[in-house]
Amino acid sequence: MTRRPPPPLYLVDASIYVFRAWHSLPDQFQDAQGWPTNAVHGFARFLLELLERERPQHIAIAFDEALDSGYRHRLYPAYKANREPAPEALRRQFIHCKALCAALGLTVLAHHDYEADDLIGSALHHHRAAGYRGVIVSADKDLSQLLSTHDEQWDYARNQRWGMDGVKARHGVHAHQIADYLALCGDAVDNIPGISGVGCKSAAILLAHFGSMDALYARLDEVPFLRLRGAAQMAVRLREQREHAQLWRELTTIALDAPLDGAPITRGAVDAQLLDGLCQTLRFGPLTRRRLFAAAGLDDAVPSPSSSSLSASPHEQARI
């Protein structure tokens, strides 16, 4: 008898889709107060497509609140220091995106000390024990370290999915080696230097031979004898920067113990009043409005679109 796969738990890395919309959509979309709303419009489209396509029963949306205040910044103040702070116009839109999720009955995960990756990892770790498999909606390579037997990661924009066995083809190392890999070769996106002189290929070769960074350091004397260009000097640098390597791995390892405060994963009650208010404030057009209420299961309870239609220009109504 064929066993059915575990039920999927969709874990969405929201920030990547909010930022993508912010950078790709024109700033002609504005709310009732004249603030830009291009990011929340783009995020709403993404969210609607996901809900309409997958109809998930178990889902949580993770947001980054620890952009410059999380525990990683206390460990290493230069963490992500290469990024420009989010402008106020974008920060306002993150608030709208969270409110939109809440209005649709979707669980929002956010914490001032933990990043979205940590919240996704902790939720997956917790609910995997209850028999769920993870579907991580994000292109972020860091999240591949979370993949286990039945899990998958989904780059929604490119419509590419891969499981634990597909990580090596994409990154050159196995899923459980991702944190060690990034600690060794660094991660420019997060401003993590890595070990000087160790690049992506070298890190992959080292992990293929030793299996883990701990095993590498336990057998460091073997490194000079590897068929690896500059192996002798690489061994010297690894030894000299051992404490740095441990720090980098603390930064690249996704936490599995972030506080979730009992956040449910089953879709909750819809807030029709909040949803209607957001549609008016954000000046969503009739089509987006109808799709949002349909996604909320309120097809027969959609308020008259007159108020929101009047607040949006004909050009906006035609586009949205």
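Structure's up top.
Here the structure is a predicted model, which means the values were calculated and not measured.

Thresholds, definitions, all that
Residues numbered from 1 in each chain as written. Predicted model: local features only at pLDDT ≥ 70, side-chain atom pairs only at ≥ 80, totals over all residues. Heavy atoms only, no water. Helix = DSSP H or I, 4+ residues; strand = E, 2+ residues; numbered from the N terminus. Buried < 20%, exposed > 50% of the residue type's maximum accessible area, 1.4 Å probe, protein only. Core = buried A, V, L, I, M, F, W, Y, C linked by side-chain atoms within 4.5 Å. Contact = heavy atoms within 4.5 Å. Salt bridge = Lys/Arg side-chain N within 4 Å of Asp/Glu carboxyl O. Pairing = 2+ DSSP bridges. Axes fitted to C-alpha atoms, helices over the stretch in contact; angles between N-to-C directions. Polar contact = N/O pair within 3.5 Å; in protein donor to acceptor, adjacent residues only side chain to side chain. Expected span 1.5 Å × (residues − 1).

### Some details on unusual backbone geometry
Then comes step 1: You will see that Lys80, though not glycine, has its phi angle at about 60 degrees, which is positive.
Then comes step 2: For Lys80, the position within the fold is in the loop between α3 (71-75) and α4 (88-103).
Then comes step 3: What makes Lys80 buried here is its relative accessible area of 12%.
Then comes step 4: If you check the backbone angles, Asn159 has positive phi at about 50 degrees while not being a glycine.
Then comes step 5: Relative to the helices and strands, Asn159 resides in the loop between β5 (152-155) and β6 (160-163).

### Description of the nonpolar core
Then comes step 1: With 57 residues, the main nonpolar core has Tyr181, Leu184, Ile195, Leu206, Leu216, Leu238 and Trp248 as its most contacted residues.
Then comes step 2: Of all elements in the fold, only β1 (8-13), β2 (59-62), α5 (116-128), α7 (178-185), α8 (200-210), α9 (213-218), α10 (231-240) and α11 (242-252) reach the threshold of two or more residues within this core.
Then comes step 3: By residue number, the principal contributor to this core is α7, which donates six residues.
Then comes step 4: Once residues lying within four places of it in the same chain are set aside, the contact partners of Leu216 are Leu184, Leu206, Phe210, Val223 and Leu238.
Then comes step 5: By size, the runner-up hydrophobic cluster in this structure holds 41 residues, among which are Val12, Leu47, Cys97 and Leu100.

### Examining the environment of Leu25
Then comes step 1: By the element assignment, Leu25 lies in the loop between α1 (14-24) and α2 (38-54).
Then comes step 2: In this structure, Leu25 is in contact with Asn38, His41, Gly42 and Arg45, ignoring residues within four places of it in sequence.

### Some words on the pattern of salt bridges
Then comes step 1: Using the criterion set out here, one finds 20 salt bridges in the structure.
Then comes step 2: Here Glu115 and Arg72 are joined by a salt bridge, their closest N and O atoms 3.4 Å apart. Residue Glu115 is found in the loop between β3 (107-109) and α5, and its partner Arg72 is found in helix α3; the two are separated by 43 residues along the sequence.
Then comes step 3: Arg72 gets classed as buried once you look at its relative accessible area, which sits at 4%.
Then comes step 4: Each of Arg72, Lys80, Arg83, Glu115, Asp118 and Asp190 takes part in a single network of salt bridges with overlapping partners.

### Quick notes on the sheet that holds strand β4 (residues 133-137)
Then comes step 1: Pairing is mixed across the open sheet formed by six strands, whose spatial order is β3-β2-β1-β4-β5-β6. The strands lining the two open edges of the sheet, one partner per strand, are β3 and β6. Along the sheet, successive strands turn relative to each other by an average axial angle of 25 degrees, direction set aside.
Then comes step 2: Sheet analysis places β4 next to β5, joined by three bridges and oriented parallel. By the bridge assignment, Val135 is partnered in β5 with Glu152.
Then comes step 3: With respect to the sheet, α2 is in contact with β1, β2, β4, β5 and β6, its orientation differing from that of β2 by roughly 160 degrees.
Then comes step 4: Across the sheet, α5 touches β1, β2, β3 and β4, and the angle it forms with β1 is around 170 degrees.

### A word on the side chain of Ser138
Then comes step 1: Structurally, the position occupied by Ser138 is in the loop between β4 and β5.
Then comes step 2: Of note is the side chain of Ser138, whose polar atom sits 3.1 Å from the side chain of Asp13.
Then comes step 3: A distance of 3.1 Å separates the side chain of Ser138 from the backbone nitrogen of Asp140, its partner in a polar contact.
Then comes step 4: Setting aside its immediate chain neighbours within four residues, Ser138 contacts Asp13, Ile16, Tyr17, Leu143, Gln153, Trp154, Asp155 and Trp162.

### Concerning the pairing of β2
Then comes step 1: The two faces of β2 match: Ile59 and Ile61 on one face and Ala60 and Ala62 on the other face are all buried.
Then comes step 2: Pairing geometry for β1 and β2, over four bridges, is parallel. Across the sheet, residue Asp13 finds its bridge partner in β2, namely Ala62.
Then comes step 3: Relative to β3, β2 runs parallel, the two sharing three bridges. Looking at β3, one finds that Ala62 is bridged to Leu109.

### What about the pairing of β1?
Then comes step 1: Within β1, five of the six residues are buried, which leaves the element mostly enclosed by the surrounding structure.
Then comes step 2: In terms of strand pairing, β1 meets β4 through five bridges, oriented parallel. Pairing of Tyr10 across the sheet is with Val135, part of β4.

### Some remarks on α5
An α-helix turns once every 3.6 residues. As a result, residues three or four positions apart point the same way.
Then comes step 1: Taking 1.5 Å of rise per residue, the 13 residues of α5 would be expected to cover 18 Å, and the 18 Å separating its terminal C-alpha atoms lies within 8% of that figure.
Then comes step 2: A large share of α5 lies buried, amounting to 10 of its 13 residues.
Then comes step 3: All buried positions along α5 are accounted for by Ala116, Asp117, Asp118, Leu119, Ile120, Gly121, Ser122, Ala123, Leu124 and His127.

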